[in-house]
Amino acid sequence: MKAVVYKGDGQVVLEERPMPKIIDERDAIVEVTLTTICSSDIHIKHGAVPRAVPDTILGHEFVGRVLEVGKAVKKFKPGDRVSVNVETFCGECFFCRRGFVNNCTDKNGGWALGCRIDGGQAEYARIPFADNGLTLIPDNVTDEQALFNGDILSTGYWAAKIGEIKPADTVAVIGAGPTGLCTMMCAGLYTPAKIIAIDTDEYRLELAKKQGLADIIFVSGRDNPEEEIKKLTDGRGADVVFEVAGGKDTFQMAWKLARPNANVVVVAMYEETQMLPLPDMYGKNLVFKTGGVDGNFCQEIMDLTACGKLNAKCLITHRCRLDEIMDAYSVFENKQDNVIKYAITI
């Protein structure tokens, strides 16, 4: 089968690989129908994910049909349409039982697909702990609507949940890339007074406003978001800030935008160490929440998609076939042609 493989040292190639097989009775084999490229794949390529294993098939955000299941799989059968969770988790360990599936203690627990074990930028993929790692796609939800269910939409949903947004809050989201847009989409479920989007890319900001994901947009470098947000909040600052950009200065921007006693949720992955300037922020009494997504809300997200409350299809700006994916990698990595997300047909 054809697959996109991380070879190490900044090299990603499309090559022939053997078909996956069931290794554990809790596995399923999924025939991939639609996949995509994530910013995390670019981080892997650049060596910014230390746990990534060279010679691994990339891809952790995809949908398909169940081809085969192990004898211990109870929830799924061949032919089922499914989305795949970015997280692999046993469901039984200390962390899983408390909902912290990103820290599952199984050897393949947490973010493994497309990082430490073969993922879904391929014709077929093996899904460990399939009863936990798959979500059934209802008949009224298309593959494109379900594509982001298990990763960036899960990330946005998790971030909005831990942000503890209250009705009529002012929410600031730094970064209008795919995950930032999903964070805005999910923050809207909590009825804030306004969602403010901040980015350097005017096209992405206009998309956020056009799709109703943001009420107010600021272009970093042209506008002064800190001053403007204080004007909008009687000098206080934002009630909740989501840092989803991962830029050189965006972590510092995040805590400065926050009002005293606010929640600052750090969703972004960084390629450089960030500094927490405690003397400068002394007295603001901020709460920081950080980490990788606990992807255990996939069924809730699918239900919200099925009833029309969430629809991330608007993020798809480009489409191609698997044999064109290396060109797509170039476009996506270099942010060409106003790309947000690809839908890659297998």
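Here, every reference points to the structure presented above.
In this text, all values refer to a predicted model and were calculated from it rather than measured experimentally.

Rules used in this analysis
Residues numbered from 1 in each chain as written. Predicted model: local features only at pLDDT ≥ 70, side-chain atom pairs only at ≥ 80, totals over all residues. Heavy atoms only, no water. Core = buried A, V, L, I, M, F, W, Y, C linked by side-chain atoms within 4.5 Å. Buried < 20%, exposed > 50% of the residue type's maximum accessible area, 1.4 Å probe, protein only. Contact = heavy atoms within 4.5 Å. Phe/Tyr/Trp six-rings, centres within 6.5 Å; stacked < 30°, edge-to-face > 60°. Helix = DSSP H or I, 4+ residues; strand = E, 2+ residues; numbered from the N terminus. Lys NZ or Arg CZ within 6 Å of the ring centre and 35° of its normal. Salt bridge = Lys/Arg side-chain N within 4 Å of Asp/Glu carboxyl O. Disulfide = S-S within 2.5 Å. Polar contact = N/O pair within 3.5 Å; in protein donor to acceptor, adjacent residues only side chain to side chain.

Asker: Would you take a moment to explain the nonpolar core for this structure?
Answerer: Buried together is how nonpolar side chains tend to be arranged in soluble globular proteins. Residues L181, M184 and F242 are the most contacted members of the largest nonpolar core, which totals 71 residues. Leaving out residues up to four positions away in the same chain, M184 has contacts with V173, G175, A176, I195, A197, A208, L213 and A214. Counting 19 residues, the second-largest nonpolar core is a separate cluster that includes F251, M253, M281 and L286.

Asker: Help me out: how do you make sense of the packing of aromatic side chains in this one?
Answerer: Ring pairs (aromatic) are described by centroid distance and by the angle formed between their planes. This model, assessed by the stated rule, comprises three aromatic pairs. Note on F94 and F95: the rings are 5.1 Å apart at their centroids and 85 degrees apart in plane angle, and the pair reads as edge-to-face. With a relative accessible area of 30%, F95 lands in the partly exposed category. Centre to centre, the rings of Y157 and F297 are 5.7 Å apart; their planes meet at 55 degrees, and the pair counts as tilted. Here Y157 is found in helix α5 (residues 152-163), whereas its partner F297 is found in the loop between β16 (287-290) and α11 (298-306), with 140 residues between them in sequence. Like F297, Y157 is buried. For R98, the ring lying beneath its charged end belongs to F94, and the centroid distance is 3.8 Å.

Asker: When you look at the pattern of salt bridges in this model, what are you seeing that I'm missing?
Answerer: When their charged atoms lie close together, side chains carrying opposite charge are able to pair. Here the structure, examined in full by the defined rule, presents 24 salt bridges. Across the salt bridge formed by E16 and K2, the nearest N and O atoms sit 3.8 Å from each other. Here K2 lies in strand β1 (residues 2-8) and E16 lies in strand β2 (residues 11-16), a separation of 14 residues in the sequence. Among the ionic pairs, E226 bridges to K230, the shortest N-O distance being 3.9 Å. One end of the pair is E226 and the other is K230, both in helix α8 (residues 225-232) and four residues apart, which spans about a single turn. The class of E226 is partly exposed, set by a relative accessible area of 30%. Because the salt bridges share partners, they merge into one network encompassing K7, E15, R17, D55 and D118.

Asker: Looking at this structure, I do not really get helix α12 (residues 325-333). What am I missing?
Answerer: For an α-helix, the turn length of 3.6 residues means that residues three or four places apart are oriented alike. Those residues of α12 lying buried are I325, A328, Y329, V331 and F332. If you follow the buried residues of α12, they end up packed against β1, β2, α1 (39-45), β17 (316-321) and β18 (341-345).

Asker: I'm lost on the state of the cysteines in this one. Help?
Answerer: What we call a disulfide is simply a covalent bond connecting the sulfur atoms of a pair of cysteines. For the structure on display, the rule yields zero disulfides. Left unpaired, C298 is separated from the closest cysteine sulfur, that of C186, by 11 Å. Given a relative accessible area of 5%, C298 falls into the buried group. Considering cysteine sulfurs only, C186 is the nearest to C307, which forms no disulfide, with 12 Å between them.

Asker: In this structure, what is going on with the side chain of D80? I would like to understand it.
Answerer: Position of D80 relative to the elements: it lies in the loop between β5 (62-69) and β6 (81-84). Among the polar contacts listed, one links the side chain of D80 to the side chain of K77, at a separation of 2.9 Å.

So, to be careful, I would describe these as geometric facts and stop short of saying anything about function.
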